[in-house]
Amino acid sequence: MKKIIRNPDLRFIEKAVKEAQRSQKKQEVPVGAVIVKNNTVIARAHNGIETNNDATAHAEIIAIRTAGKNTGNWRLAGSTLYVTVEPCAMCLAAIYLARIRRVVFGCVSFNKMYAANTFKGLEVAQIQDLSIQKKCQALMKTFFKNARHPKRSVYGKKSRKSAEKRR
């Protein structure tokens, strides 16, 4: 039986978690993002850095690009971005420039590169539901635990392939 989530923030952050799980299946860092305007999802995305060989292919950036295409406007004023992990400085700058009003994230970033307080008018808050916070943290912890394990690491396999190509 599906759990009914009445709070809109919880409902939309759950959608971001599903995007993060898609990312994880592709062996990407499991970050998912959903952009909502007028209680309607206008974009959803997950990380594509490894898949696209693009350092800027963060879930938030892809979601912003998709939302712009879907709405026909790069200005996403009045919208809310739901993301599983606290956005990095690059993503925060893009969020601010896209005129997104509010960001709700699931868990705190491990790299501490955030700078949310430098963007005036941007409301950034962590979701208060502990089960969602734990879900988001577990996705990240599991991913990085596996990434550091030599036999399970995606990165180890890629570096071996690169080394073979150079020979």
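These remarks concern the structure in this document. (Residues numbered from 1 in each chain as written. Predicted model: local features only at pLDDT ≥ 70, side-chain atom pairs only at ≥ 80, totals over all residues. Heavy atoms only, no water.)

**A closer look at the packing of aromatic side chains**
The description of an aromatic ring pair uses the distance of the two centres, along with the angle that the planes make with each other. Counting across every chain of the model gives three aromatic pairs. Arranged with centres 5.1 Å apart and planes meeting at 40°, the rings of Y96 and F119 form a pair that is tilted. Of the two residues, Y96 sits in helix 4 (residues 89–97) while F119 sits in the loop between strand 4 (102–107) and strand 5 (123–126), which places them 23 residues apart along the sequence. Given a relative accessible area of 17%, F119 falls into the buried group. On the numbers, 5.0 Å between centres and 85° between planes, the contact of F143 with F144 is edge-to-face. The exposure class of F143 is buried, given its relative accessible area of 7%. Under the relative-accessibility criterion, F144 is labelled partly exposed at 25%. (Phe/Tyr/Trp six-rings, centres within 6.5 Å; stacked < 30°, edge-to-face > 60°. Helix = DSSP H or I, 4+ residues; strand = E, 2+ residues; numbered from the N terminus. Buried < 20%, exposed > 50% of the residue type's maximum accessible area, 1.4 Å probe, protein only.)

**So, the sheet that holds strand 5**
An order of 2-1-3-4-5 is seen for the five strands of this open sheet, with the pairing classed as mixed. Both outer strands of the open sheet, strand 2 (40–46) and strand 5, are each paired with one neighbouring strand and no more. Going from strand to strand, the sheet's axes swing by 20° on average, the running direction of each strand aside. This element, helix 1 (residues 8–25), spans strand 1 (32–37), strand 2, strand 3 (80–85) and strand 4 of the sheet and lies at about 50° to strand 3. (Pairing = 2+ DSSP bridges. Axes fitted to C-alpha atoms, helices over the stretch in contact; angles between N-to-C directions. Contact = heavy atoms within 4.5 Å.)

Such coordinate-based values are descriptive only and should not be taken to indicate function.
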